[in-house]
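Tertiary structure, described
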Amino acid sequence: MLYHSTNNPAHRVDLKEAILRSLPPDNGLYMPDSLPVLDPAFWQFWHELTFPEIGIAVADAFFGEDVPPQALVDIVEGTVTFDAPLVTLGPGDHMLELFHGPTLAFKDFGARFMARLMAWLTRGEDRELTVLVATSGDTGGAVASAFHNVPGTRVIILYPQGKVSGLQEKQLTALGGNITALEIQGTFDDCQALVKSAFLDRDLAERLNLTSANSINLARLVPQSFYYIHASRQLPEGVIPTFVIPSGNFGNLTAGLLALQLGLPVDHFIAATNRNDVVPEYLRTGQYIPRPGVPTISNAMDVGAPSNFVRMAALFGGSWEAMKSRITGMSFSDDQTRAAIRTVKALYQYEIDPHGAVGWLAAQKWRSTHPSSATITLETAHPAKFPDVMEAELGPNSIEVPERLAILAGREKVATLLPADPTVFRDWLTASL
Ligand SMILES: *Cc1c(COP(=O)(O)O)cnc(C)c1O
């Protein structure tokens, strides 16, 4: 399979280059030349498959031409080592829990798959790979965990100072070894711009053997489509869901569109955002106006210039009409989100994190006008990752912290503070060689 840039269909590269380069030199994003469809035999028996078996079929559809079957099986089985269970709150109101991995957020799926695919693509090479990643909270932790102690790699994480939760910060800064954290005096969008600037400096990118782990990397999107299929499989046969996706950079939603393309029956998609509502606004008005991100209590979605928007647009052939026929946007305030956390606890004894709460609000709104719908809301992180917000609503010690998160709390934070300045960043990178 070849991959092309969204900015230039004539710029085509192979899998290795698309994954390791991450970003085409023209500042577009890579897309597969043809989008795979799973064959009818799969859709006949998919209700009987396990989660890893679904993953293997999807991975084979995307990467089977380039990666031998046994290697793909190993990559998927090494990735999907935990479940994504569907939990039903009320009639038609389902939550897909994506937080059962090592860092308690859905990003574990993409990061673990990417680390394994990159290791396979660079097998037998002796150059160290530098993985650069900007994070609004959860990406960095997932990527750090996925690559921690992987020989031949080092990971450099950029995160916005003061805009991630204390435990999220520990996940980025307390691992040590081949993981380095940079605390940037700016917003997530600044971090993302710094990463882009390093890639666009071809000379530096080459010298550092630079690769990116942001959701601009296709290797993260494909495994996220596994759980859309796995989620639908957990509904009674014949029920066609509406997926509600709490969104920031829109990687997760793009993965849902890939699942649709693979042949998954989907009634509709809801793009749920906090006040950073660039995409809901576009869906409503047809005007796409990126702007600086503003901080909210669902901080992993504080994105003002979502990087996967160009991929979404490409999947709809650039047509606003086509996109809005499939996706409805909704945005909610922090006050609404806080109220939702309390309501869900009171009604269902369920602790929903602030990101899932934004999705849950959208799901209720959708079902109020589409009462026969079954909504599956992606619960993107475990509530224990956001103790300040959760305890403010539900009371002190209201959330049990899973062991794998609790052990990080006692560790020391190690990070280098840098201004949001591309020149300073490039100098730091050069000196780090
Ligand atoms: C990253 C993240 C999101 C946003 O996902 P995108 O793919 O960037 O849209 C939502 N919730 C949580 C908890 C996240 O970590």
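To keep things clear, this report deals only with the structure shown in the data block. Please read these numbers as outputs of a predicted model, since none were measured by experiment.

What to know about the overall build of the protein
Helix and strand counts for the protein stand at 19 helices and 14 strands. By the compact-globule yardstick of 22 Å for 433 residues, the protein fits well, its C-alpha radius of gyration being 20 Å. In terms of its C-alpha atoms, the protein occupies a principal-axis envelope of roughly 55 × 50 × 40 Å. Among the 433 residues that make up the protein, the fraction classed as buried is 59%. The long-range share in the protein, meaning contacts at least 24 apart out of those at least 6 apart in sequence, stands at 75%. Roughly 15,800 Å² of accessible area belongs to the protein as shown, and the carbon and sulfur atoms make up 51% of that amount. Taking the average location of the 32 positive side-chain charges in the protein and that of its 46 negative ones, the two points are 3 Å from each other.

Here's the deal with helix 3 (residues 51–63)
Helix length check: helix 3 (13 residues) gives 18 Å between terminal C-alpha atoms against 18 Å at 1.5 Å per residue, within 8%. If you check which residues of helix 3 are buried, you get F51, I54, G55, V58, A59, F62 and F63. For helix 3, the angular spread of buried residues about the axis comes to 135 degrees, placing them on one side.

Things to note about unusual backbone geometry
Residue L104 is not a glycine yet carries a positive backbone phi of 65 degrees. Summarising the element assignment, L104 is placed in the loop between strand 5 (93–97) and helix 5 (107–121). Among the residues examined, L104 registers a relative accessible area of 0% and is labelled buried. Positive phi, close to 65 degrees, is recorded for F250, a residue that is not glycine. Mapped onto the elements, F250 comes out in the loop between strand 10 (242–246) and helix 11 (251–262).

Examining the sheet that holds strand 1 (residues 3–5)
Pairing is antiparallel in the open sheet, where three strands are placed in the order 2-1-3. Each edge of the sheet is formed by a strand with only one pairing partner; in this case those strands are strand 2 (8–13) and strand 3 (30–32). For this sheet, the mean angle separating the axes of adjacent strands, direction not counted, is 40 degrees. Taken together, the three bridges between strand 1 and strand 3 define a ladder with antiparallel strand orientation. Pairing of H4 across the sheet is with M31, part of strand 3.

Details of the side chain of D138
Relative to the elements of secondary structure, D138 occurs in helix 6 (residues 138–147). A polar contact is formed between the side chain of D138 and the side chain of Q168, at a distance of 3.0 Å. With residues near it in sequence (within four places) discarded, D138 still touches A105, K107, Q168, A300, A381, K385 and F386.

Points about the packing of helix 15 (residues 334–348) against helix 17 (residues 387–394)
Packing of helix 15 against helix 17 brings their axes to within 9 Å, and their N-to-C directions diverge by 60 degrees. Of the possible angle classes, the one that applies to helix 15 and helix 17 is oblique. The handedness of the crossing between helix 15 and helix 17 is right-handed. Residues R338, I341, R342 and K345 of helix 15 pack against V389, M390, E393 and L394 of helix 17.

Looking at the site of the ligand
Around the ligand there are 15 residues in total, and K107, D138, G248, N249 and F250 lie nearest to it. Here K107 contributes a side-chain N or O atom positioned 2.4 Å from an oxygen atom of the ligand. Calculation on the ligand without its partners gives an accessible area of 380 Å², and the protein chains cover 97% of this total. In this structure, the ligand is accommodated by the largest cavity.

Examining the nonpolar core
Grouped together as the largest cluster of nonpolar side chains are 89 residues, with contacts concentrated most on F63, Y227, Y228, I229, F243 and I327. In this structure F243 touches Y228, A231, S232, L264, V266, H268, F269, I270, I376 and L378, once residues within four positions along its chain are discounted. Core analysis: the next-biggest nonpolar cluster, separate from the first, contains 29 residues, A362, A384, V389 and I399 among them.

Remarks on the packing of aromatic side chains
Applying the stated criterion across every chain, the model contains 14 aromatic pairs. On the basis of an interplanar angle of 80 degrees and a centroid distance of 5.0 Å, the ring pair of Y282 and F309 is categorised as edge-to-face. Of this pair, Y282 sits in helix 12 (residues 278–285) while F309 sits in helix 13 (residues 309–315), placing them 27 residues apart in sequence. Each of the two residues, Y282 as well as F309, counts as buried. Three or more aromatic residues link up through ring pairs in this structure, and these residues are F51, F82, F109, Y227, Y228, F243 and F269. The ring of W120 carries the charged tip of R123 above its face, separated from the ring centre by 3.8 Å.

Some remarks on the pairing of strand 6 (residues 129–134)
Counting buried positions along strand 6 yields six of six residues, so the element is predominantly enclosed. Alternating positions in strand 6 separate into two faces, L129, V131 and V133 on one and T130, L132 and A134 on the other, with burial throughout. Pairing geometry for strand 6 and strand 7 (residues 153–160), over six bridges, is parallel. The partner of V131 across the bridge, within strand 7, is V155.

Digging into the environment of D108
Topologically, D108 is positioned in helix 5. The spatial distance from the C-alpha of D108 to the C-alpha of A41 is 29 Å, given a sequence separation of 67 residues. Once residues within four sequence positions are removed from consideration, D108 is found in contact with F82, G101, P102, T103 and A142.

Reading guide: rules and limits
- Residues numbered from 1 in each chain as written.
- Predicted model: local features only at pLDDT ≥ 70, side-chain atom pairs only at ≥ 80, totals over all residues.
- Heavy atoms only, no water.
- Helix = DSSP H or I, 4+ residues; strand = E, 2+ residues; numbered from the N terminus.
- Rg over C-alpha atoms; globule rule 2.2 N^0.38 Å.
- Buried < 20%, exposed > 50% of the residue type's maximum accessible area, 1.4 Å probe, protein only.
- Contact = heavy atoms within 4.5 Å.
- Areas by Shrake-Rupley, 256 points an atom, 1.4 Å probe, with all protein chains shown as cover.
- Lys, Arg positive; Asp, Glu negative; His and termini not counted.
- Charge placed at Lys NZ, Arg CZ, Asp CG, Glu CD.
- Expected span 1.5 Å × (residues − 1).
- Arc of directions from axis to C-beta.
- Pairing = 2+ DSSP bridges.
- Axes fitted to C-alpha atoms, helices over the stretch in contact; angles between N-to-C directions.
- Polar contact = N/O pair within 3.5 Å; in protein donor to acceptor, adjacent residues only side chain to side chain.
- Parallel < 35°, antiparallel > 145°, perpendicular 65-115°, else oblique.
- Left-handed = near helix turned anticlockwise from the far one by under 90°.
- Near = heavy atom within 4 Å.
- 1 Å grid on protein atoms, 1.4 Å probe; cavity = no way out; pocket = protein on both sides within 12 Å on 5 of 7 lines; lining within 4 Å.
- Sits in = over half its atoms within 2 Å of the grid points.
- Core = buried A, V, L, I, M, F, W, Y, C linked by side-chain atoms within 4.5 Å.
- Phe/Tyr/Trp six-rings, centres within 6.5 Å; stacked < 30°, edge-to-face > 60°.
- Lys NZ or Arg CZ within 6 Å of the ring centre and 35° of its normal.

So, to be careful, I would describe these as geometric facts and stop short of saying anything about function.
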